[in-house]
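# Structure assessment
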Amino acid sequence: MYSFDWSSIPGAIPYLWEGMIRTLQITVIAVIAGMIIGTILAVCRLSKNLALSTLAASYVTCFRSVPLVMVLLWFYLLVPDLVKKIVGNPSLDIRLLSAFVAFSLFEASYYAEIIRAGIQSVSKGQVSAGLALGMTSGETMRLIILPQAFRRMIPLLLTQAIILFQDTSLVYVMGLADFFGVAYNTGNRDGTLVELILFAGFVYLVICFVASTLVRNLQKKIA
Amino acid sequence: MATVLADLDFRVFMQPVVGGGGNYLTYLLFGLGWTLSLAITSWILAFVVGSVIGVLRTLRGNVLPRLGALYVEIFRNIPLLVQLFIWYFVLPEIVPLFGTWFKERLSPEFQQFVSATLCLGFFTAARVSEQVRSGIMSLGRGQYGAGLALGFNTAQVYTLILLPVAYRIIIPTLTSEFLNLIKNTAVASTIGLVELAQRGKNMGEYTSRLYESFIAVTILYAIVNLIVMLISRNIESATRLPGFVGGKK
């Protein structure tokens, strides 16, 4: 039988906490930026302007057909190279920044689809009503359609945030130490990889379970 | 930007691979082979396990539906990467018989492949089960009752009446789960499986031609995506049921 050795976890708590902060940082930034870009994409995609809607549609299709790991590698290996070629500063460590940008752009394509569905769920009469009141189509979107759409989408947007929170663990491929990265490194250093991986899995399970239960309750309240 | 574009040289794919064995184009295509075989084997596992769990969740009683729900909660609330590391690093250490078989009988390549298959299969099963459940629920209780009235037992009602219809209804969502699964196989590169994404990265490092190799890998993923979508659209229209959403009149 395998004998577990949990002794390296208590000492590692401060580092794990730092890692968790980084995980949350990436999550929050990507959720906010992703939702802003996603809203713009969704509005473009539904616009009557053919060029705008094609552009938005191809952005969404591109990002959704490529694995997140691949997107992270693009940003980890290629974008710094690109920045170097343009700016000419080779010693910049922009891994964290690349992670922020990669997750934001990637999540934007997922948020765009959720928000588009939300906008489409608002009845057409609301648009006509807004226009009849003398609003421009931009004002109608901003003041009438989007607020209603967002209220309906809150549970879906939050669920996507929980998925994103889990996906941030993939910054592992960029060599960044988020919560899971710290757990893995600690386990590797102390020879307690088994315990640290199980511990990390348990922490994720508790956080995501509580969060998704809250979202479910919220959903019931809204519906 | 312009210099990067001007520097692109796609002849690199015809160069022989460092360490022998064909050129870089075939090197990437073999990676795609690993990606697809991983996706297909895990899909079979996910489909079987997901169907069982999905059915459990629609049964009467207290215990079995709760077990199904517990399964879904566990597999949906732990990140895929962590699950993969549990299958690859943790389970062979702590599960006695499986561990010896795993560590002594399998070559490293197959250790990675088996772990990744189990991980992706059970992970995707949680998502498939949700679709199967909603497919069965959408049929209404009447079908179930009708089956029982005809003298079928519960197992027969499910395999002969409910599931065949439920599967047809959920083909579109199952397709998107399969597409997700193909994308998720890239996570297997973290335990060293040299599938498509990993080979793209390797090729970039061997040849210092990162842009070309990444462009090729991205295009290959996109092509696979497109092909799966086309196939599923055909299956969908061939199995469409009259009287359901999008069905024949």
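In case you missed it, the structure is sitting above this.
Let us look at the structure shown here. It should be emphasised that the depicted structure is a prediction, and the values quoted were computed from it without experimental measurement. (Residues numbered from 1 in each chain as written. Chains lettered and ligands numbered in written order. Predicted model: local features only at pLDDT ≥ 70, side-chain atom pairs only at ≥ 80, totals over all residues.)

## Topic: the overall build of chain A
Scanning chain A for helices and strands turns up eight helices and zero strands. Its helices and strands taken in sequence order, chain A reads α-α-α-α-α-α-α-α from the N to the C terminus. Projected onto its principal axes, the C-alpha coordinates of chain A cover approximately 70 × 50 × 25 Å. Looking at chain A as a whole, 35% of its 223 residues are labelled buried. Within chain A, counting contacts between residues at least 6 apart in sequence, those at least 24 apart form 74% of the total. (Helix = DSSP H or I, 4+ residues; strand = E, 2+ residues; numbered from the N terminus. Buried ≥ 20, exposed ≤ 12 C-beta atoms within 10 Å, placed from the backbone. Contact = placed C-beta atoms within 7 Å.)

## Re the overall build of chain B
Counting secondary structure elements, chain B contains 11 helices and zero strands. The dimensions of chain B, computed from C-alpha atoms along their principal axes, are 70 × 55 × 30 Å. Buried residues in chain B amount to 38% of all 249 residues. Within chain B, contacts between residues separated by at least 24 positions form 72% of all contacts whose residues are at least 6 apart in sequence.

## Topic: the environment of Ile119 of chain A
All names here are of chain A. Mapping Ile119 onto the fold places it in helix H4 (residues 95-121). Exposure remark for Ile119: the 22 C-beta atoms within 10 Å place this residue in the buried category. Spatially, the C-alpha atoms of Ile119 and Ile29 are 23 Å apart, while their sequence positions differ by 90 residues. If near-sequence neighbours (up to four positions away) are discounted, Ile119 is found in contact with Ala42, Leu46, Ile145 and Ala149.

## Things to note about the nonpolar core
Formed by 106 residues in total, the largest nonpolar core has its most connected members in Val69, Met70 and Leu72 of chain A together with Leu84 of chain B. Excluding anything up to four places from it in sequence, Leu84 of chain B contacts Ser115, Ala116, Cys119, Val187, Ala188, Thr190 and Ile191 of chain B. (Core = buried A, V, L, I, M, F, W, Y, C linked by C-beta atoms within 7 Å.)

## Quick word on the environment of Leu218 of chain A
Residues and elements named next belong to chain A. Within the secondary structure, Leu218 sits in helix H8 (residues 193-222). Sequence-wise, Leu218 and Ile154 are 64 residues apart; in three dimensions their C-alpha atoms are separated by 8.8 Å. Contact partners of Leu218, with chain neighbours within four places excluded, come to Ile154 and Pro155.

## Concerning the interface of chain A and chain B
Taken residue by residue, the interface counts 30 residues in chain A and 31 residues in chain B. Listing elements by their share of the side of chain A that touches chain B, those giving two or more residues are helix H3 (68-87), helix H6 (137-167) and H8 of chain A. Looking at side-chain class alone, the side of chain A that touches chain B contains 23 nonpolar, five polar and two charged residues. (Nonpolar A, V, L, I, M, F, W, Y, C, P; charged D, E, K, R; others polar.)

## Section: helix H1 (residues 8-46) of chain A
With 39 residues, H1 of chain A should reach 57 Å at 1.5 Å per residue; the first-to-last C-alpha distance of 53 Å fits that figure. At Pro14 of chain A, H1 of chain A shows its largest kink, close to 50 degrees. (Expected span 1.5 Å × (residues − 1). Bend = angle between axes of the 7 residues up to and from the residue.)

## A short note on the packing of helix H2 (residues 24-58) of chain B against helix H9 (residues 171-184) of chain B
Each pair of packed helices can be described by the angle between their axes along with the distance between the axes. Residue and element names in this part refer to chain B. Between H2 and H9, the shortest axis-to-axis distance is 9 Å and the interhelical angle comes to 135 degrees. By the angle between their directions, the pair H2 and H9 is classed as oblique. Handedness of the crossing formed by H2 with H9: right-handed. On the side of H2, the interface is formed by Thr35, Ala39, Ser42, Trp43 and Ala46, while H9 contributes Phe178, Leu181 and Ile182. Of the residues belonging to the contact of H2 with H9, the class tally is six nonpolar, two polar and no charged. (Axes fitted to C-alpha atoms, helices over the stretch in contact; angles between N-to-C directions. Parallel < 35°, antiparallel > 145°, perpendicular 65-115°, else oblique. Left-handed = near helix turned anticlockwise from the far one by under 90°.)

## Remarks on the packing of H1 of chain A against H4 of chain A
Residue and element names in this part refer to chain A. In the contact formed by H1 and H4, the axes pass within 5 Å of each other and the chain directions differ by 45 degrees. Considered as vectors, H1 and H4 are oriented oblique to each other. The two elements H1 and H4 cross, and the hand of that crossing is right-handed. In terms of residue class, the contact of H1 with H4 is built from 17 nonpolar, four polar and three charged.

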